[in-house]
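Coordinates in review
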Amino acid sequence: MMLSARNLAVSIGPHRVCDGLDLDLAPGARLAILGRNGAGKSTLLATLAGLRAADAGVITLDGRRYEELGLAAAARLRGWLGQERGDPFASTVLETVLTGRHPHLDRWAWESTNDKDIARAALAAVGLAGMAERALQTLSGGERQRAAIATLLAQQPRLYLLDEPLAHLDLNHQIATLELLSLRARRDNIAIVMVLHDPNLALRFCDRALLLFGDGRHAEGPVAAVLNEDTLSALYGHPLRRVENVFIPE
């Protein structure tokens, strides 16, 4: 398994995010994490990324714990896309995306021509091929988000952990981004975990879903089994009804 969790317990102060979570994510699988604001989706994702400690339980990445892997090896296996964007230094878009190559470089090595080709290909994949030499600070919020996704692509990990990857993106780029991630999962056997807010997008682009109810309870499984009227109504505290597509002949 690319990512596994056993009897995982995660909390923020007195708030319990999940308790007794068992999770197995195979290469190529796409898992959506859904829940109301404040349920702890980002906290759980950061825990799965090894960026914060769990209260209890074991997380393994490709069969090994994070403490066994070390920082560099873990960074070659899993990539992280957080919500916060910190860019204290002036840099071009290409220079920023090249930071995704750092886990693959020796301590004092410079990026090679191959690294730059990988970064440029990542920019092209997110529709920013013509902005490589632009100053990062001149990009719009949506363009900056796509540059962050390109940085993750350039890192070439085997597991993507994405916290609201659709933030700041218009509908066109939301769908393009999800189609790109789905393609990488199928073609390159990449496992993906992402925090989403739209159950419809989760149902369309993911094969598994993890629901956080905000009180330690959770539900995880195939999207067709988990994303139904009853569970989603309970999750969001609002009655929901499934409406099938209706095709009307001309």
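Our subject in this report is the structure included herewith. Nothing here was measured: the structure is a model prediction, and the numbers come from that model.

1. Topic: the environment of I190
Of note, I190 is situated in the loop between helix 7 (171–188) and strand 7 (191–195). For I190, a relative accessible area of 6% corresponds to the buried category. For I190, the contacting residues outside a window of four places in its chain are G28, A29, P157, R158, Y160, R184 and A185.

2. Thoughts on the sheet that holds strand 4 (residues 56–61)
Ordered by their spatial adjacency, three strands build an open sheet running 2-1-4, and the pairing between neighbours is antiparallel. What marks the edges here is a single partner per strand, and that holds for strand 2 (15–25) and strand 4. Here the strands of the sheet are splayed against their neighbours by 25° on average, with no regard to which way each runs. Both strand 1 (residues 3–12) and strand 2 contribute to a ladder of seven bridges, which runs antiparallel. Considered in strand 2, the bridge of S11 is made with R16. In this fold helix 1 (residues 41–48) packs onto strand 1, strand 2 and strand 4, with an angle of close to 135° to the strand it touches most, strand 1.

3. A few points about the layout of surface pockets
Taken as a whole, the second largest pocket encloses approximately 440 Å³ of empty space. Taken together, 15 residues line the second largest pocket, and the ones lying closest to its centre are N200, L203, R241, R242 and V243. When contributions to the lining of the second largest pocket are tallied by element, the ones reaching two or more residues are helix 8 (199–205) and helix 10 (229–236). Sort the elements by how many residues they give to the lining of the second largest pocket and helix 8 lands first, with four residues. Class assignment of the residues belonging to the lining of the second largest pocket gives a composition of seven nonpolar, three polar and five charged.

4. Focus on helix 7
The end-to-end C-alpha distance of helix 7 is 25 Å, a good match for the 26 Å that 18 residues give at a rise of 1.5 Å each. Among the residues of helix 7, Q174, I175, T177, L178, L180, L181, S182, R184 and A185 are the ones counted as buried. Considering only its buried residues, helix 7 is in contact with strand 3 (30–35), helix 5 (113–125), helix 6 (141–155), strand 6 (159–163), strand 7 and helix 8. With a side-chain oxygen lying 3.2 Å from the backbone nitrogen of N172, the N-terminal cap of helix 7 falls on D170. After helix 7 finishes, the residue N189 shows a positive phi value of roughly 60°.

5. With respect to unusual backbone geometry
Excluding glycine, most residues fall at negative phi; most peptide bonds, likewise, are trans. Positive phi, close to 50°, is recorded for N7, a residue that is not glycine. Mapping N7 onto the fold places it in strand 1. We note that N189 has phi near 60°; this positive angle belongs to a residue other than glycine. Secondary-structure assignment places N189 in the loop between helix 7 and strand 7.

6. Here we look at the packing of aromatic side chains
Following the criterion strictly, the structure yields zero aromatic pairs and no others. Over the face of the ring belonging to F213 we find R217, whose NZ or CZ atom lies 4.7 Å from the ring centre.

7. Concerning the state of the cysteines
This structure, assessed with the given rule, holds zero disulfides. C206 forms no disulfide, and the closest cysteine sulfur to it belongs to C18, at a distance of 18 Å. Overall, C206 belongs to the buried group, its relative accessible area being 5%.

8. Section: the environment of A39
Mapping A39 onto the fold places it in the loop between strand 3 and helix 1. Separated by 24 residues in the primary sequence, A39 and H15 have C-alpha atoms spaced 8.7 Å apart. With sequence-adjacent residues up to four places away left out, A39 is seen in contact with H15, V17, L212 and G214.

9. Details of the pairing of strand 1
Counting buried residues along strand 1, seven of its 10 residues qualify, which places the element largely inside the surrounding structure. In this structure, the hairpin formed by strand 1 and strand 2 is closed by a connection of two residues, where G13 is found at a positive phi of approximately 60°. Bridge analysis of strand 1 against strand 4 gives five bridges, and the strand direction is antiparallel. Its bridge partner being in strand 4, S4 is matched across the sheet by T60.

Calculation rules
- Residues numbered from 1 in each chain as written.
- Predicted model: local features only at pLDDT ≥ 70, side-chain atom pairs only at ≥ 80, totals over all residues.
- Heavy atoms only, no water.
- Helix = DSSP H or I, 4+ residues; strand = E, 2+ residues; numbered from the N terminus.
- Buried < 20%, exposed > 50% of the residue type's maximum accessible area, 1.4 Å probe, protein only.
- Contact = heavy atoms within 4.5 Å.
- Pairing = 2+ DSSP bridges.
- Axes fitted to C-alpha atoms, helices over the stretch in contact; angles between N-to-C directions.
- 1 Å grid on protein atoms, 1.4 Å probe; cavity = no way out; pocket = protein on both sides within 12 Å on 5 of 7 lines; lining within 4 Å.
- Points joined across faces, edges and corners; volume = space filled by probe spheres on them.
- Nonpolar A, V, L, I, M, F, W, Y, C, P; charged D, E, K, R; others polar.
- Expected span 1.5 Å × (residues − 1).
- Polar contact = N/O pair within 3.5 Å; in protein donor to acceptor, adjacent residues only side chain to side chain.
- Phe/Tyr/Trp six-rings, centres within 6.5 Å; stacked < 30°, edge-to-face > 60°.
- Lys NZ or Arg CZ within 6 Å of the ring centre and 35° of its normal.
- Disulfide = S-S within 2.5 Å.

All we've got here are geometric facts, nothing functional implied.
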